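Working through the structure, step by step
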Amino acid sequence: MLDALVAVVIVISIVSLLVFALVKLSAKSQENEDRADYAERELRLIKKFNKEMSRPLLRGTALLNRLRSRMRDL
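All residue numbers refer to positions counted from 1 along the written sequence of the respective chain. Where totals are concerned, whole chains, interfaces and linings use all residues; where local detail is concerned, this predicted model gives features only for residues with pLDDT of at least 70, and gives and counts side-chain atom pairs only at 80 or more. Hydrogens and water are ignored here; the side-chain numbers use all heavy atoms of the structure.

**Some remarks on the overall build of the protein chain**
- Where helices and strands are cited, they refer to DSSP runs of H or I of at least four residues and of E of at least two residues respectively, numbered from the N terminus. Helix and strand counts for the protein chain stand at two helices and zero strands.
- To get the radius of gyration, use the C-alpha atoms; to get the globule rule, take the number of residues to the power 0.38 and multiply by 2.2 Å. Here the C-alpha radius of gyration of the protein chain, 28 Å, is well above what a compact globule of 74 residues would show, namely 11 Å.
- By its C-alpha atoms, the protein chain is 90 × 20 × 10 Å across when sized along the principal axes.
- Per-residue burial for the protein chain yields a buried fraction of 1% across its 74 residues.
- Residue exposure ignores everything except the shown protein chains as possible cover, and the areas themselves are Shrake-Rupley values with a 1.4 Å probe. Carbon and sulfur atoms make up 68% of the accessible area of the protein chain, which totals about 7100 Å². Exposure categories follow from relative accessible area, calculated using a 1.4 Å probe and restricted to protein chains: below 20% of the type maximum is buried, above 50% is exposed, and the middle band is partly exposed.

Shown next, in the form of structure tokens:
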């Protein structure tokens, strides 16, 4: 009886350790995916900024029109 109880406790412990390891692994994977998504968004913003900075300076209504179009994009 005692040997069976010990065996059950060992099996439950091993299963719970495996579940814990899988949860940690999936959390780490999600963290890496979030980090990659953030890096992609940052790269897009940097490219957009560089593109905007390469354009000639605007004045007057042309500047207002560009600002309005940027506000719609957000």
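**Some details on the environment of isoleucine 46**
- With respect to the helices, strands and loops of the structure, isoleucine 46 is situated in helix H1 (residues 2-54).
- Residue classification places isoleucine 46 among the partly exposed residues on the basis of a relative accessible area of 47%.
- A C-alpha to C-alpha distance of 58 Å links isoleucine 46 and alanine 7, two positions 39 residues apart in sequence.

**Overview of a negative patch on the surface**
- To count toward a patch, a residue needs a relative accessible area over 30% and no salt bridge; like charges are then connected within 9 Å, while nonpolar side chains (Val, Leu, Ile, Met, Phe, Trp, Tyr) are connected within 5 Å. In the sections that follow, a salt bridge refers to a side-chain nitrogen of Lys or Arg positioned within 4 Å of a carboxyl oxygen of Asp or Glu. Counted as positive: Lys and Arg. Counted as negative: Asp and Glu. His and the chain ends are not counted at all. In this description, the location of a charge corresponds to atom NZ of lysine, CZ of arginine, CG of aspartate or CD of glutamate. There is a patch of like negative charges on the surface, built from Glu33, Asp34, Asp37 and Glu40.
- One can find aspartate 34 in helix H1.

**Quick look at the pattern of salt bridges**
- Counting across every chain of the model gives one salt bridge.
- A salt bridge links glutamate 31 to arginine 35, with the nearest nitrogen and oxygen atoms 2.9 Å apart. In this pair, glutamate 31 and arginine 35 are both assigned in helix H1, four residues apart and thus about one turn of the helix distant.

Structural measurements only, silent on function.
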